[in-house]
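Below are the chains, spelled out letter by letter.
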Amino acid sequence: MVGQNSNNPFFSFFFTFPKFSPINANQVRWLIDVGENEMFHLVLLGVLSLLLYKLANKFLNSGNYFLPANAPPGSSGFPLIGETLQFMAAINSGEGFYNFVRARHLRYGNCFRTNIFGETHVFVSSAESAKAILNNESGNFTKKYIKSIAKLVGDQSLLCASSHHHKLLRNHLLPLFSTTSVSLFVQQFDELIMTSIENWGKKGSVIVLDQALQITFKAMCKTLMSLEDSKQLEILQEDVACVCDAMLSFPLQLPWTRFSKGLKARKRIMNTLEKMIIERRRFQEDNNDDFLQKLLTDQNGSSSVQASRLSDQEIKDNILTMIIAGQDTSASAITWMVKYLGENQNVLDELRTEQFHLAEKLSLNQCLTLEDLNEMSYASKVVKESLRKASIVAWLPRLALQDTEIEGFKILNGWNINTDARSIHLDPMLRCDPDKFNPSRFDDDQKPYSFLAFGMGARACLGMNMAKAMMLIFLHRLVTTYEWKVTDSDPSIVKWALFSRLKSGCPIDVTPIRKDS
Ligand code: HEM
(Lines give C-alpha, C1' and ligand atoms only; values in the text may rest on other atoms or scores of the structure.)
Protein backbone atom coordinates (compact mmCIF):
# COMPACT_ATOMS: atom_id res chain seq x y z
CA MET A 1 0.00 0.00 0.00
CA VAL A 2 1.33 3.42 -0.89
CA GLY A 3 2.90 5.28 1.99
CA GLN A 4 2.45 2.43 4.46
CA ASN A 5 4.84 2.35 7.39
CA SER A 6 8.13 0.65 6.72
CA ASN A 7 8.95 -1.29 9.89
CA ASN A 8 12.28 0.22 10.74
CA PRO A 9 13.47 -1.89 13.70
CA PHE A 10 15.46 0.97 15.24
CA PHE A 11 12.33 3.05 15.53
CA SER A 12 10.08 0.17 16.58
CA PHE A 13 12.43 -0.80 19.40
CA PHE A 14 13.18 2.74 20.50
CA PHE A 15 9.61 3.89 20.51
CA THR A 16 7.89 0.85 21.98
CA PHE A 17 10.34 0.97 24.91
CA PRO A 18 8.21 3.24 27.14
CA LYS A 19 5.35 0.75 27.01
CA PHE A 20 7.74 -1.99 28.24
CA SER A 21 6.24 -4.26 25.63
CA PRO A 22 8.04 -7.62 25.15
CA ILE A 23 10.32 -7.51 22.14
CA ASN A 24 9.33 -9.72 19.24
CA ALA A 25 11.33 -12.12 17.08
CA ASN A 26 12.16 -9.45 14.49
CA GLN A 27 13.53 -7.18 17.12
CA VAL A 28 15.62 -10.00 18.68
CA ARG A 29 17.05 -10.77 15.22
CA TRP A 30 17.78 -7.11 14.75
CA LEU A 31 19.54 -6.87 18.12
CA ILE A 32 21.74 -9.86 17.22
CA ASP A 33 22.64 -8.27 13.88
CA VAL A 34 23.46 -5.05 15.62
CA GLY A 35 25.55 -6.85 18.26
CA GLU A 36 27.85 -7.99 15.46
CA ASN A 37 28.37 -4.48 14.34
CA GLU A 38 30.35 -2.41 16.81
CA MET A 39 30.62 0.49 14.41
CA PHE A 40 26.85 0.73 14.48
CA HIS A 41 26.94 0.92 18.30
CA LEU A 42 29.37 3.80 18.18
CA VAL A 43 27.25 5.67 15.65
CA LEU A 44 24.12 5.00 17.71
CA LEU A 45 25.82 6.29 20.85
CA GLY A 46 26.95 9.39 18.99
CA VAL A 47 23.46 9.99 17.65
CA LEU A 48 21.82 9.61 21.06
CA SER A 49 24.37 11.95 22.68
CA LEU A 50 23.75 14.50 19.95
CA LEU A 51 20.00 14.18 20.45
CA LEU A 52 20.28 14.64 24.22
CA TYR A 53 22.55 17.63 23.73
CA LYS A 54 20.10 19.21 21.28
CA LEU A 55 17.13 18.55 23.55
CA ALA A 56 18.97 19.94 26.59
CA ASN A 57 19.87 23.05 24.64
CA LYS A 58 16.32 23.55 23.43
CA PHE A 59 14.90 22.87 26.87
CA LEU A 60 17.18 25.36 28.63
CA ASN A 61 16.66 28.05 25.98
CA SER A 62 12.88 27.66 25.80
CA GLY A 63 12.19 28.40 29.46
CA ASN A 64 10.23 25.14 29.71
CA TYR A 65 11.72 24.44 33.12
CA PHE A 66 9.82 27.46 34.41
CA LEU A 67 6.06 27.12 34.63
CA PRO A 68 3.76 30.03 35.51
CA ALA A 69 1.50 29.59 38.54
CA ASN A 70 -1.67 29.05 36.52
CA ALA A 71 -0.22 26.97 33.68
CA PRO A 72 -2.64 24.45 32.14
CA PRO A 73 -2.71 21.08 33.94
CA GLY A 74 -0.59 18.29 32.52
CA SER A 75 2.75 16.61 32.83
CA SER A 76 6.20 17.79 31.78
CA GLY A 77 7.29 14.13 31.64
CA PHE A 78 10.94 13.15 32.05
CA PRO A 79 13.63 15.81 32.25
CA LEU A 80 14.68 16.95 28.77
CA ILE A 81 12.69 14.44 26.75
CA GLY A 82 9.33 15.24 28.34
CA GLU A 83 6.65 12.87 27.07
CA THR A 84 8.31 12.34 23.67
CA LEU A 85 8.62 8.58 24.17
CA GLN A 86 4.93 8.22 25.06
CA PHE A 87 4.01 10.32 22.00
CA MET A 88 6.17 8.18 19.73
CA ALA A 89 4.77 5.01 21.28
CA ALA A 90 1.27 6.25 20.39
CA ILE A 91 2.35 6.99 16.81
CA ASN A 92 3.70 3.46 16.63
CA SER A 93 0.52 1.84 17.97
CA GLY A 94 -2.45 0.52 16.01
CA GLU A 95 -4.80 3.03 17.61
CA GLY A 96 -2.75 5.93 16.31
CA PHE A 97 -0.98 9.02 17.52
CA TYR A 98 -4.21 10.72 18.55
CA ASN A 99 -4.47 8.29 21.46
CA PHE A 100 -1.75 10.27 23.19
CA VAL A 101 -4.00 13.36 23.10
CA ARG A 102 -7.22 11.49 23.89
CA ALA A 103 -5.79 9.96 27.07
CA ARG A 104 -4.66 13.36 28.38
CA HIS A 105 -7.87 15.10 27.32
CA LEU A 106 -9.78 12.56 29.42
CA ARG A 107 -7.45 13.05 32.37
CA TYR A 108 -7.08 16.83 32.38
CA GLY A 109 -10.06 18.27 30.46
CA ASN A 110 -10.39 20.88 27.71
CA CYS A 111 -6.94 22.40 28.07
CA PHE A 112 -3.79 20.51 28.98
CA ARG A 113 -0.04 20.80 28.66
CA THR A 114 2.62 18.30 27.67
CA ASN A 115 6.23 18.34 26.52
CA ILE A 116 7.27 16.77 23.21
CA PHE A 117 10.67 17.05 21.49
CA GLY A 118 11.81 19.49 24.20
CA GLU A 119 8.93 21.91 23.57
CA THR A 120 5.77 22.69 25.53
CA HIS A 121 2.57 21.81 23.69
CA VAL A 122 -0.86 22.87 24.90
CA PHE A 123 -3.96 21.15 23.49
CA VAL A 124 -7.27 23.00 23.58
CA SER A 125 -10.68 21.53 22.79
CA SER A 126 -13.47 24.06 23.19
CA ALA A 127 -15.25 25.83 20.33
CA GLU A 128 -14.75 29.23 22.03
CA SER A 129 -10.98 28.78 22.29
CA ALA A 130 -10.87 27.43 18.73
CA LYS A 131 -12.45 30.69 17.60
CA ALA A 132 -9.93 32.84 19.52
CA ILE A 133 -6.94 30.85 18.24
CA LEU A 134 -7.96 30.27 14.63
CA ASN A 135 -9.44 33.74 14.03
CA ASN A 136 -6.37 35.17 15.67
CA GLU A 137 -7.73 38.70 15.80
CA SER A 138 -5.28 39.50 18.56
CA GLY A 139 -2.35 38.44 16.37
CA ASN A 140 -1.16 36.30 19.28
CA PHE A 141 -0.67 33.11 17.24
CA THR A 142 1.06 31.93 14.11
CA LYS A 143 1.08 28.57 12.40
CA LYS A 144 3.78 26.13 13.32
CA TYR A 145 4.61 22.65 12.11
CA ILE A 146 7.21 20.36 13.63
CA LYS A 147 10.69 20.72 12.17
CA SER A 148 10.61 17.53 10.09
CA ILE A 149 7.48 18.70 8.23
CA ALA A 150 8.87 22.17 7.57
CA LYS A 151 12.06 20.72 6.09
CA LEU A 152 10.19 18.27 3.89
CA VAL A 153 7.63 20.63 2.35
CA GLY A 154 10.17 23.47 2.16
CA ASP A 155 10.49 26.76 3.99
CA GLN A 156 8.70 28.65 1.18
CA SER A 157 5.60 26.50 1.64
CA LEU A 158 2.31 28.10 2.62
CA LEU A 159 2.12 25.59 5.47
CA CYS A 160 5.21 26.93 7.19
CA ALA A 161 5.30 30.60 6.19
CA SER A 162 5.23 33.34 8.83
CA SER A 163 2.16 35.61 8.93
CA HIS A 164 3.42 38.22 6.44
CA HIS A 165 4.88 35.75 3.94
CA HIS A 166 1.81 33.56 4.31
CA LYS A 167 -0.48 36.43 3.33
CA LEU A 168 1.53 37.05 0.18
CA LEU A 169 1.63 33.38 -0.81
CA ARG A 170 -2.07 32.87 -0.09
CA ASN A 171 -2.95 35.89 -2.25
CA HIS A 172 -1.16 34.22 -5.15
CA LEU A 173 -2.66 30.77 -4.56
CA LEU A 174 -6.25 31.73 -3.73
CA PRO A 175 -7.29 32.59 -7.33
CA LEU A 176 -6.24 29.08 -8.40
CA PHE A 177 -9.25 27.73 -6.46
CA SER A 178 -11.85 29.93 -8.21
CA THR A 179 -15.28 28.58 -9.17
CA THR A 180 -14.09 28.27 -12.79
CA SER A 181 -11.13 26.14 -11.67
CA VAL A 182 -13.32 23.93 -9.49
CA SER A 183 -15.84 23.49 -12.37
CA LEU A 184 -13.06 22.28 -14.67
CA PHE A 185 -11.74 20.07 -11.88
CA VAL A 186 -15.20 18.48 -11.39
CA GLN A 187 -15.31 17.43 -15.03
CA GLN A 188 -11.75 16.09 -15.05
CA PHE A 189 -12.21 14.23 -11.78
CA ASP A 190 -15.45 12.65 -12.93
CA GLU A 191 -13.80 11.38 -16.15
CA LEU A 192 -11.00 9.93 -14.04
CA ILE A 193 -13.40 8.22 -11.63
CA MET A 194 -15.51 6.73 -14.41
CA THR A 195 -12.49 5.12 -16.09
CA SER A 196 -10.96 4.06 -12.78
CA ILE A 197 -13.95 2.31 -11.26
CA GLU A 198 -15.11 0.80 -14.55
CA ASN A 199 -13.09 -2.37 -14.04
CA TRP A 200 -13.76 -2.86 -10.33
CA GLY A 201 -16.64 -5.16 -11.24
CA LYS A 202 -14.27 -7.50 -13.12
CA LYS A 203 -11.84 -7.54 -10.21
CA GLY A 204 -14.63 -8.34 -7.74
CA SER A 205 -12.80 -6.81 -4.82
CA VAL A 206 -10.63 -3.73 -4.32
CA ILE A 207 -8.90 -1.85 -1.51
CA VAL A 208 -10.57 1.54 -1.39
CA LEU A 209 -7.59 3.45 0.03
CA ASP A 210 -5.20 2.19 -2.66
CA GLN A 211 -7.66 3.08 -5.40
CA ALA A 212 -8.45 6.46 -3.88
CA LEU A 213 -4.75 7.33 -3.47
CA GLN A 214 -4.15 6.55 -7.15
CA ILE A 215 -7.16 8.54 -8.30
CA THR A 216 -6.58 11.61 -6.11
CA PHE A 217 -2.87 11.63 -7.01
CA LYS A 218 -3.67 11.58 -10.72
CA ALA A 219 -6.28 14.29 -10.24
CA MET A 220 -3.92 16.57 -8.32
CA CYS A 221 -1.09 16.09 -10.83
CA LYS A 222 -3.35 16.88 -13.77
CA THR A 223 -4.77 19.99 -12.15
CA LEU A 224 -1.48 21.25 -10.77
CA MET A 225 0.82 20.58 -13.71
CA SER A 226 -1.00 18.63 -16.47
CA LEU A 227 1.12 15.56 -15.69
CA GLU A 228 -0.51 12.42 -17.14
CA ASP A 229 2.35 10.17 -18.26
CA SER A 230 1.91 6.96 -16.26
CA LYS A 231 5.65 6.25 -15.78
CA GLN A 232 6.34 9.80 -14.55
CA LEU A 233 3.29 9.63 -12.30
CA GLU A 234 4.47 6.37 -10.77
CA ILE A 235 7.94 7.74 -9.95
CA LEU A 236 6.53 10.96 -8.53
CA GLN A 237 3.93 9.11 -6.46
CA GLU A 238 6.65 6.96 -4.87
CA ASP A 239 8.68 10.04 -3.99
CA VAL A 240 5.67 11.88 -2.57
CA ALA A 241 4.82 8.81 -0.44
CA CYS A 242 8.42 8.81 0.82
CA VAL A 243 8.14 12.48 1.79
CA CYS A 244 4.82 11.81 3.58
CA ASP A 245 6.30 8.82 5.42
CA ALA A 246 9.08 11.04 6.75
CA MET A 247 6.80 13.75 8.07
CA LEU A 248 6.34 12.43 11.58
CA SER A 249 9.83 11.02 11.87
CA PHE A 250 12.63 12.21 14.08
CA PRO A 251 14.43 14.98 12.12
CA LEU A 252 17.69 13.07 12.16
CA GLN A 253 19.67 13.25 8.94
CA LEU A 254 21.57 9.99 8.76
CA PRO A 255 21.61 7.74 5.68
CA TRP A 256 19.31 5.03 7.09
CA THR A 257 16.67 7.29 8.67
CA ARG A 258 13.21 7.75 7.28
CA PHE A 259 13.78 11.50 7.50
CA SER A 260 16.86 11.37 5.32
CA LYS A 261 15.08 9.25 2.70
CA GLY A 262 12.22 11.76 2.69
CA LEU A 263 14.65 14.64 2.10
CA LYS A 264 16.23 12.77 -0.82
CA ALA A 265 12.79 12.17 -2.32
CA ARG A 266 12.00 15.86 -1.87
CA LYS A 267 15.16 16.75 -3.79
CA ARG A 268 14.13 14.51 -6.69
CA ILE A 269 10.67 16.12 -6.75
CA MET A 270 12.22 19.59 -6.76
CA ASN A 271 14.43 18.58 -9.72
CA THR A 272 11.42 17.31 -11.66
CA LEU A 273 9.52 20.55 -11.05
CA GLU A 274 12.60 22.57 -11.98
CA LYS A 275 12.83 20.74 -15.33
CA MET A 276 9.14 21.37 -16.01
CA ILE A 277 9.54 25.07 -15.33
CA ILE A 278 12.60 25.32 -17.59
CA GLU A 279 10.77 23.49 -20.41
CA ARG A 280 7.73 25.67 -20.15
CA ARG A 281 9.89 28.78 -20.31
CA ARG A 282 12.03 27.44 -23.15
CA PHE A 283 9.12 26.41 -25.34
CA GLN A 284 6.92 29.27 -24.16
CA GLU A 285 4.24 26.66 -23.48
CA ASP A 286 1.24 28.56 -22.27
CA ASN A 287 -1.42 26.19 -23.55
CA ASN A 288 -1.51 24.28 -20.24
CA ASP A 289 -4.56 25.18 -18.21
CA ASP A 290 -3.03 24.23 -14.87
CA PHE A 291 -1.89 25.75 -11.58
CA LEU A 292 1.79 25.69 -12.50
CA GLN A 293 1.18 27.71 -15.65
CA LYS A 294 -1.00 30.19 -13.80
CA LEU A 295 1.68 30.69 -11.17
CA LEU A 296 4.37 31.11 -13.83
CA THR A 297 2.40 33.78 -15.67
CA ASP A 298 0.55 34.98 -12.55
CA GLN A 299 -2.36 36.26 -14.62
CA ASN A 300 -4.64 35.76 -11.69
CA GLY A 301 -3.13 38.12 -9.19
CA SER A 302 -4.22 41.68 -8.62
CA SER A 303 -1.74 44.28 -9.86
CA SER A 304 -0.16 44.57 -6.42
CA VAL A 305 0.21 40.80 -6.31
CA GLN A 306 1.72 40.72 -9.80
CA ALA A 307 4.32 43.21 -8.67
CA SER A 308 5.64 40.56 -6.31
CA ARG A 309 5.58 37.46 -8.50
CA LEU A 310 6.41 34.19 -6.76
CA SER A 311 9.99 32.97 -7.01
CA ASP A 312 10.67 29.57 -8.59
CA GLN A 313 11.40 28.12 -5.15
CA GLU A 314 8.08 29.41 -3.81
CA ILE A 315 6.28 27.87 -6.80
CA LYS A 316 8.01 24.50 -6.39
CA ASP A 317 7.51 24.28 -2.62
CA ASN A 318 3.84 25.14 -2.97
CA ILE A 319 3.17 22.72 -5.82
CA LEU A 320 4.61 19.97 -3.59
CA THR A 321 2.54 21.30 -0.66
CA MET A 322 -0.64 21.12 -2.70
CA ILE A 323 0.06 17.58 -3.90
CA ILE A 324 0.57 16.45 -0.29
CA ALA A 325 -2.29 18.52 1.14
CA GLY A 326 -4.70 17.34 -1.55
CA GLN A 327 -3.91 13.69 -2.23
CA ASP A 328 -3.53 11.95 1.08
CA THR A 329 -6.27 13.85 2.93
CA SER A 330 -8.89 13.36 0.22
CA ALA A 331 -8.05 9.68 -0.29
CA SER A 332 -8.23 9.02 3.46
CA ALA A 333 -11.54 10.86 3.70
CA ILE A 334 -13.02 8.83 0.83
CA THR A 335 -11.91 5.61 2.51
CA TRP A 336 -13.49 6.46 5.88
CA MET A 337 -16.68 7.51 4.09
CA VAL A 338 -16.99 4.12 2.36
CA LYS A 339 -16.39 2.38 5.69
CA TYR A 340 -19.05 4.43 7.51
CA LEU A 341 -21.57 3.86 4.72
CA GLY A 342 -20.85 0.13 4.79
CA GLU A 343 -21.75 0.14 8.49
CA ASN A 344 -24.92 2.23 8.14
CA GLN A 345 -27.36 0.67 5.71
CA ASN A 346 -30.16 3.19 6.39
CA VAL A 347 -27.88 6.09 5.45
CA LEU A 348 -26.75 4.25 2.33
CA ASP A 349 -30.37 3.64 1.29
CA GLU A 350 -31.27 7.32 1.59
CA LEU A 351 -28.13 8.31 -0.27
CA ARG A 352 -28.87 5.84 -3.08
CA THR A 353 -32.37 7.23 -3.54
CA GLU A 354 -30.96 10.76 -3.96
CA GLN A 355 -28.16 9.70 -6.29
CA PHE A 356 -30.33 7.51 -8.55
CA HIS A 357 -32.76 10.40 -8.86
CA LEU A 358 -29.88 12.56 -10.12
CA ALA A 359 -28.50 9.78 -12.33
CA GLU A 360 -31.86 9.55 -14.15
CA LYS A 361 -31.41 13.13 -15.27
CA LEU A 362 -27.93 12.53 -16.70
CA SER A 363 -27.45 10.93 -20.09
CA LEU A 364 -25.07 7.96 -20.40
CA ASN A 365 -21.41 8.89 -19.86
CA GLN A 366 -22.32 12.53 -19.28
CA CYS A 367 -19.95 14.15 -16.80
CA LEU A 368 -21.19 15.69 -13.58
CA THR A 369 -21.09 19.46 -13.26
CA LEU A 370 -20.72 21.77 -10.28
CA GLU A 371 -24.48 22.44 -10.55
CA ASP A 372 -25.16 18.69 -10.23
CA LEU A 373 -23.03 18.59 -7.09
CA ASN A 374 -25.04 21.47 -5.66
CA GLU A 375 -28.14 19.30 -5.96
CA MET A 376 -26.66 16.54 -3.80
CA SER A 377 -27.99 17.80 -0.50
CA TYR A 378 -28.02 14.48 1.38
CA ALA A 379 -24.67 13.41 -0.07
CA SER A 380 -23.16 16.72 1.14
CA LYS A 381 -24.27 15.84 4.64
CA VAL A 382 -22.74 12.37 4.28
CA VAL A 383 -19.47 14.03 3.27
CA LYS A 384 -19.54 16.41 6.25
CA GLU A 385 -20.46 13.68 8.71
CA SER A 386 -17.63 11.48 7.41
CA LEU A 387 -15.17 14.35 7.81
CA ARG A 388 -16.45 15.07 11.31
CA LYS A 389 -16.17 11.46 12.44
CA ALA A 390 -12.82 10.76 10.80
CA SER A 391 -11.14 14.10 11.70
CA ILE A 392 -8.49 13.54 9.05
CA VAL A 393 -6.45 16.48 10.39
CA ALA A 394 -6.75 15.75 14.10
CA TRP A 395 -5.36 19.02 15.44
CA LEU A 396 -4.41 22.42 14.09
CA PRO A 397 -0.94 23.54 15.22
CA ARG A 398 -0.12 27.14 16.19
CA LEU A 399 2.62 28.96 18.11
CA ALA A 400 2.00 31.62 20.78
CA LEU A 401 3.83 34.82 19.80
CA GLN A 402 3.37 36.42 23.20
CA ASP A 403 2.17 35.56 26.68
CA THR A 404 -1.59 35.13 26.59
CA GLU A 405 -4.50 33.43 28.31
CA ILE A 406 -6.66 30.53 27.10
CA GLU A 407 -9.44 28.83 29.08
CA GLY A 408 -8.27 30.85 32.09
CA PHE A 409 -4.75 29.39 31.93
CA LYS A 410 -1.55 31.25 31.24
CA ILE A 411 0.13 30.43 27.91
CA LEU A 412 3.72 31.55 27.51
CA ASN A 413 5.31 33.12 24.45
CA GLY A 414 6.94 30.30 22.43
CA TRP A 415 4.57 27.53 23.50
CA ASN A 416 2.85 25.44 20.87
CA ILE A 417 -0.90 25.67 21.07
CA ASN A 418 -2.89 23.04 19.21
CA THR A 419 -6.61 23.20 18.57
CA ASP A 420 -7.81 19.65 19.12
CA ALA A 421 -10.33 19.34 16.26
CA ARG A 422 -11.10 15.71 16.94
CA SER A 423 -12.16 16.27 20.56
CA ILE A 424 -14.35 19.17 19.44
CA HIS A 425 -15.94 16.97 16.74
CA LEU A 426 -16.70 14.29 19.33
CA ASP A 427 -17.78 16.55 22.19
CA PRO A 428 -21.19 15.42 23.57
CA MET A 429 -21.80 18.98 24.81
CA LEU A 430 -21.67 20.26 21.21
CA ARG A 431 -23.76 17.59 19.46
CA CYS A 432 -25.83 14.70 20.71
CA ASP A 433 -24.70 11.13 20.27
CA PRO A 434 -21.39 12.22 18.69
CA ASP A 435 -20.16 8.67 18.04
CA LYS A 436 -23.16 7.91 15.82
CA PHE A 437 -22.79 8.32 12.04
CA ASN A 438 -25.78 10.55 11.42
CA PRO A 439 -25.57 12.88 8.38
CA SER A 440 -28.97 14.38 9.24
CA ARG A 441 -27.44 16.18 12.21
CA PHE A 442 -26.29 18.71 9.60
CA ASP A 443 -29.97 19.62 8.95
CA ASP A 444 -29.56 21.86 12.00
CA ASP A 445 -27.08 24.70 12.22
CA GLN A 446 -23.93 23.61 13.99
CA LYS A 447 -22.47 25.69 16.78
CA PRO A 448 -19.81 28.08 15.37
CA TYR A 449 -16.31 26.57 15.38
CA SER A 450 -17.61 23.11 16.20
CA PHE A 451 -16.86 21.72 12.69
CA LEU A 452 -13.18 22.11 11.96
CA ALA A 453 -12.50 19.49 9.29
CA PHE A 454 -11.03 22.18 7.02
CA GLY A 455 -9.85 24.54 9.77
CA MET A 456 -11.09 28.13 10.01
CA GLY A 457 -9.78 31.65 9.57
CA ALA A 458 -6.81 32.86 7.57
CA ARG A 459 -5.25 29.38 7.44
CA ALA A 460 -8.39 27.45 6.49
CA CYS A 461 -8.03 24.80 3.79
CA LEU A 462 -7.62 26.34 0.34
CA GLY A 463 -8.74 23.18 -1.40
CA MET A 464 -11.93 22.50 0.57
CA ASN A 465 -14.26 22.88 -2.42
CA MET A 466 -12.08 20.57 -4.47
CA ALA A 467 -12.00 18.06 -1.63
CA LYS A 468 -15.78 18.11 -1.21
CA ALA A 469 -16.20 17.78 -4.99
CA MET A 470 -13.94 14.71 -5.06
CA MET A 471 -15.88 13.07 -2.25
CA LEU A 472 -19.28 13.82 -3.85
CA ILE A 473 -18.25 12.60 -7.31
CA PHE A 474 -16.74 9.45 -5.85
CA LEU A 475 -19.96 8.83 -3.89
CA HIS A 476 -22.18 9.33 -6.90
CA ARG A 477 -20.24 6.97 -9.15
CA LEU A 478 -19.80 4.33 -6.44
CA VAL A 479 -23.39 4.13 -5.22
CA THR A 480 -24.91 4.24 -8.70
CA THR A 481 -22.53 1.61 -10.12
CA TYR A 482 -21.96 -0.95 -7.37
CA GLU A 483 -23.33 -2.66 -4.32
CA TRP A 484 -20.46 -3.33 -1.94
CA LYS A 485 -19.57 -5.07 1.25
CA VAL A 486 -16.67 -4.09 3.51
CA THR A 487 -14.72 -7.31 4.12
CA ASP A 488 -12.45 -6.11 6.94
CA SER A 489 -13.97 -3.95 9.65
CA ASP A 490 -10.72 -3.47 11.63
CA PRO A 491 -10.65 0.23 12.67
CA SER A 492 -6.85 0.31 13.33
CA ILE A 493 -5.07 3.14 11.67
CA VAL A 494 -1.75 3.36 9.82
CA LYS A 495 1.25 4.00 12.06
CA TRP A 496 3.45 6.99 11.34
CA ALA A 497 0.86 8.59 9.06
CA LEU A 498 0.32 12.32 9.31
CA PHE A 499 -3.37 12.02 8.50
CA SER A 500 -5.75 9.51 10.01
CA ARG A 501 -5.75 6.56 7.57
CA LEU A 502 -7.35 3.11 7.87
CA LYS A 503 -4.69 0.38 8.13
CA SER A 504 -6.83 -2.19 6.31
CA GLY A 505 -7.35 0.35 3.52
CA CYS A 506 -11.04 -0.73 3.61
CA PRO A 507 -11.20 -3.78 1.34
CA ILE A 508 -14.58 -4.20 -0.36
CA ASP A 509 -16.28 -6.83 -2.49
CA VAL A 510 -18.22 -5.14 -5.26
CA THR A 511 -21.15 -6.29 -7.39
CA PRO A 512 -22.30 -4.19 -10.36
CA ILE A 513 -25.84 -2.84 -10.02
CA ARG A 514 -28.06 -3.94 -12.88
CA LYS A 515 -29.20 -0.66 -14.44
CA ASP A 516 -32.47 -2.22 -15.70
CA SER A 517 -33.50 -3.35 -12.20
C1 HEM B 1 -10.73 15.89 2.67
C2 HEM B 1 -9.67 16.54 2.25
C3 HEM B 1 -8.99 17.67 2.99
C4 HEM B 1 -8.98 17.94 4.34
C5 HEM B 1 -9.68 17.19 5.46
C6 HEM B 1 -8.17 19.13 4.52
C7 HEM B 1 -7.95 19.74 5.73
C8 HEM B 1 -7.20 20.89 5.89
C9 HEM B 1 -7.05 21.59 7.13
C10 HEM B 1 -7.71 21.20 8.46
C11 HEM B 1 -6.27 22.66 6.90
C12 HEM B 1 -5.96 23.77 7.87
C13 HEM B 1 -4.86 23.42 8.86
C14 HEM B 1 -4.69 24.48 9.91
O15 HEM B 1 -5.48 25.40 10.10
O16 HEM B 1 -3.70 24.34 10.62
C17 HEM B 1 -5.86 22.62 5.52
C18 HEM B 1 -5.02 23.52 4.91
C19 HEM B 1 -4.69 23.47 3.57
N20 HEM B 1 -5.21 22.63 2.62
FE21 HEM B 1 -6.51 21.16 2.93
N22 HEM B 1 -7.69 19.52 3.29
C23 HEM B 1 -8.18 18.68 2.33
C24 HEM B 1 -7.97 18.74 0.97
C25 HEM B 1 -7.20 19.69 0.34
C26 HEM B 1 -7.04 19.79 -1.09
C27 HEM B 1 -7.73 18.92 -2.14
C28 HEM B 1 -6.17 20.79 -1.31
C29 HEM B 1 -5.76 21.24 -2.68
C30 HEM B 1 -4.63 21.49 -3.06
C31 HEM B 1 -5.78 21.34 -0.02
C32 HEM B 1 -4.89 22.37 0.19
C33 HEM B 1 -4.64 22.94 1.41
C34 HEM B 1 -3.70 24.03 1.59
C35 HEM B 1 -2.86 24.67 0.50
C36 HEM B 1 -3.73 24.37 2.95
C37 HEM B 1 -2.91 25.44 3.66
C38 HEM B 1 -3.73 26.70 3.78
C39 HEM B 1 -2.99 27.81 4.49
O40 HEM B 1 -2.14 27.55 5.35
O41 HEM B 1 -3.28 28.97 4.19
N42 HEM B 1 -6.44 20.64 0.95
N43 HEM B 1 -6.47 21.53 4.92
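An unreviewed UniProt entry annotates the protein chain as Cytochrome P450 originating from Erythroxylum novogranatense. Turning to the protein chain, the UniProt record has this under Subcellular location (unreviewed entry): "Membrane". The heading Cofactor (unreviewed entry) in the UniProt record of the protein chain holds the text "heme".

Caption draft 1: Region of interest: the environment of K143. Its location among the elements puts K143 in strand β3 (residues 141–143). For K143, a count of 19 C-beta atoms within 10 Å corresponds to the partly exposed category.

Caption draft 2: Quick peek at the sheet that holds strand β9 (residues 482–486). Strand order in the open sheet formed by 3 strands is β4-β10-β9, and the pairing between neighbours is antiparallel. At either end of the open sheet lies a strand with only one pairing partner, and these are β4 (205–207) and β9. The average angle at which neighbouring strand axes cross in this sheet is 35 degrees, direction not considered. The strands touched by helix α11 (residues 208–225) are β4 and β10 (507–512); relative to β4, the strand with the most contacts, the crossing angle is about 65 degrees.

Caption draft 3: View of the sheet that holds strand β2 (residues 119–124). With mixed pairing, 5 strands are arranged side by side in an open sheet as β1-β2-β8-β5-β3. Since the sheet does not close on itself, it has two edges, and those belong to β1 (111–116) and β3, each with one partner. Put simply, the sheet's adjacent strands are angled 35 degrees from each other on average, direction ignored. Relative to strand β5 (residues 395–400), β3 is paired through 3 bridges, and the arrangement is antiparallel. Looking across to β5, one finds that F141 is bridged to A400.

Cut-offs and rules
- Residues numbered from 1 in each chain as written.
- Predicted model: local features only at pLDDT ≥ 70, side-chain atom pairs only at ≥ 80, totals over all residues.
- UniProt positions renumbered as here; feature names shortened; annotations may be inferred.
- Helix = DSSP H or I, 4+ residues; strand = E, 2+ residues; numbered from the N terminus.
- Buried ≥ 20, exposed ≤ 12 C-beta atoms within 10 Å, placed from the backbone.
- Pairing = 2+ DSSP bridges.
- Axes fitted to C-alpha atoms, helices over the stretch in contact; angles between N-to-C directions.
- Contact = placed C-beta atoms within 7 Å.

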